[in-house]
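So you can see what is in the structure, the chains are spelled out below.
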Amino acid sequence: TTLTVSGGSLGTGAVIEWFTGSCGGTSAGTGSSITVSPSVTTTYYVRYNGVCNTTSCISQEVTVNPLPQGSLTANGPFCGTDGGAGMLTFTATAGADSLSLLLQDQDGVIYNFDGNSYPKVASGVPFNAPVTPITTTTTFTINAILDANGCFRNSGITGPTASIVINDPATVEAGGPDSACQSATPAPITLSGASVGGGATTGAWSITFGTGTLSST
């Protein structure tokens, strides 16, 4: 940023002095203009200092906006091949709404939430995933963020990745068939060969016709 003084008159032997902190504080340079690169918002003061007198200072604030920062989260999980309406949320810890996000999925497809291809994003407000419904687990990663102040970040993002998880539907195979002869003192029948699949981890037997008792091992 270049700061330039204009107006007034130098007077005999006068120099232009720049300061930070206060008028006459820490020197920031001399001359009609200076180039500065503050890391935080800083006020600069300038005055004419001549043989006969020194003027009071005028000031100019240089505002330094933080780079946008935050984390991406996702809704879900969902069950079955029908999937669900995938939603993502970006929660900003720095930067100004509204935000443009450049997202990429695990297949390398790019989605630009810049207000053109997809709507811009507001911090903390869920927005539709670029593909919906989501039928398989899909991971989205933020490649870049641009905020309303024009500040841009493409690295060091706090939480750049979120996954919309789709769990497989449960399936079951009962095994068998099994048969036994009628008896006044029936012997136990062992049912085997059953299996569960998909997202299931356990299964349970039940009697749908006839009587008896079940136990599992």
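First things first, this report covers the structure right here in the doc. Computed from a predicted model, the values in this text were never measured in an experiment.

Comments concerning the overall build of the protein
Within the protein one finds zero helices and 18 strands. When each of the 217 residues of the protein is scored for burial, the buried share is 27%. A separation of at least 24 residues holds for 57% of the contacts in the protein among residues at least 6 apart in sequence. Total accessible area on the protein is roughly 13400 Å²; 51% of this is exposed by carbon and sulfur atoms.

Quick notes on the nonpolar core
Counting 20 residues, the largest nonpolar core has Leu 72, Phe 90, Leu 101, Leu 103 and Phe 127 as the members making the most contacts within it. Considering every element that reaches this core, the biggest residue donor is strand β13 (residues 138-146), with three residues. If near-sequence neighbours (up to four positions away) are discounted, Phe 127 is found in contact with Leu 72, Gly 86, Met 87, Leu 88, Thr 89, Phe 90, Leu 101, Leu 103, Phe 113 and Val 121. The next biggest cluster of nonpolar side chains, apart from the first, holds 10 residues, and it includes Leu 3, Ile 16, Trp 18 and Val 62.

A look at the side chain of Thr 138
Here Thr 138 lies in strand β13. Engagement of the side chain of Thr 138 in a polar contact is seen with the backbone oxygen of Thr 136, the distance being 2.8 Å. Apart from residues lying up to four places away in sequence, Thr 138 is in contact with Asp 105, Gln 106, Ala 162, Ser 163 and Ile 164.

Regarding the pairing of β13
It is a general feature of regular strands that their side chains alternate between the two faces of the sheet. Two strands pair when backbone bridges link them, and strand β10 (residues 100-105) and β13 are joined in this way by six bridges, in the antiparallel orientation. Residue pairing for β13: Leu 101 is matched across the bridge by Ile 145. Pairing of β13 with strand β15 (residues 161-164), which is carried by four bridges, proceeds in the antiparallel orientation. For Thr 141, the partnering residue across the bridge sits in β15 and is Thr 161. Linking β13 to strand β14 (residues 152-153), which pair antiparallel, is a turn of five residues; within it Gly 150 sits at a positive phi near 85°.

Re the sheet that holds strand β9 (residues 87-94)
Here we have three strands laid out as an open sheet, ordered β7-β9-β12, and antiparallel in their pairing. Edge positions in the sheet fall to β7 (69-74) and β12 (127-128), since each has one partner strand and no second.

What to know about the packing of aromatic side chains
For the structure on display, the rule yields four aromatic pairs. On the basis of an interplanar angle of 65° and a centroid distance of 5.1 Å, the ring pair of Phe 113 and Phe 127 is categorised as edge-to-face. Of this pair, Phe 113 sits in strand β11 (residues 110-113) while Phe 127 is found in strand β12, placing the two residues 14 residues apart along the sequence. No difference in accessibility class separates Phe 113 from Phe 127, as the two residues are buried. In this structure an aromatic cluster arises from ring pairing among Tyr 111, Phe 113, Tyr 118, Phe 127 and Phe 140.

With respect to the environment of Cys 79
Structurally, Cys 79 is set in strand β8 (residues 78-79). Judged by relative accessible area, which is 63%, Cys 79 ranks as exposed. Cys 79 sits 90 residues away from Pro 169 along the chain, and the two C-alpha atoms are 6.2 Å apart.

A short note on the state of the cysteines
A covalent bond bridging the sulfur atoms of two cysteines is what the word disulfide describes. Considering all chains together, one arrives at one disulfide under this definition. For Cys 23, the disulfide goes to Cys 57, at an S-S distance of 1.9 Å. One disulfide, between Cys 23 and Cys 57, carries an S-S torsion of 70° and so falls in the right-handed class. Placement of the pair is Cys 23 in the loop between β2 (15-20) and β3 (26-30) and Cys 57 in the loop between β5 (42-49) and β6 (58-62), with a sequence separation of 34 residues.

A closer look at the pattern of salt bridges
By the definition in use, this model includes one salt bridge. For Arg 47, the salt bridge identified is with Glu 17, shortest N-O distance 2.8 Å. Residue Arg 47 is found in strand β5, and its partner Glu 17 is found in strand β2; the two are separated by 30 residues along the sequence. A single burial state applies to Arg 47 and to Glu 17, both of which are buried.

Cut-offs and rules
- Each chain carries its own residue numbering, running from 1 in the written order of its sequence.
- It should be noted that, the model being predicted, local features are given only for residues of pLDDT at least 70 and side-chain atom pairs only at 80 or more, the latter also being counted only at that level, while totals for whole chains, interfaces and linings use all residues.
- Values reported for side chains reflect all heavy atoms of the structure, with hydrogen atoms and water molecules removed beforehand.
- Each helix is a run of DSSP H or I of at least 4 residues and each strand a run of E of at least 2, with the numbering of both proceeding from the N terminus.
- Think of it in three bands: with a 1.4 Å probe and only protein chains considered, a residue is buried below 20% of the maximum accessible area for its type, exposed above 50%, and partly exposed in between.
- Any two residues whose heavy atoms approach within 4.5 Å at even a single point are treated as in contact.
- Accessible surface is estimated by sampling points in the Shrake-Rupley manner with a 1.4 Å probe; for residues, cover comes only from the protein chains shown.
- Buried residues of nine kinds, namely Ala, Val, Leu, Ile, Met, Phe, Trp, Tyr and Cys, make up a nonpolar core once their side-chain atoms join them within 4.5 Å.
- In protein, a polar contact means a hydrogen-donor-capable atom and an acceptor-capable atom, both N or O and within 3.5 Å, with residues adjacent in sequence counting only if both atoms are side-chain atoms; elsewhere, any N or O pair within 3.5 Å suffices.
- The pairing criterion for strands is at least two bridges between them, as found by DSSP.
- Between 30 and 60 degrees the pair is tilted, below 30 it is stacked and above 60 it is edge-to-face, where a pair is any two Phe, Tyr or Trp rings, Trp via its six-membered ring, whose centres lie within 6.5 Å.
- Disulfides are defined as pairs of cysteine sulfur atoms found within 2.5 Å of each other.
- By salt bridge we mean one thing: a side-chain nitrogen of Lys or Arg within 4 Å of a carboxyl oxygen of Asp or Glu.

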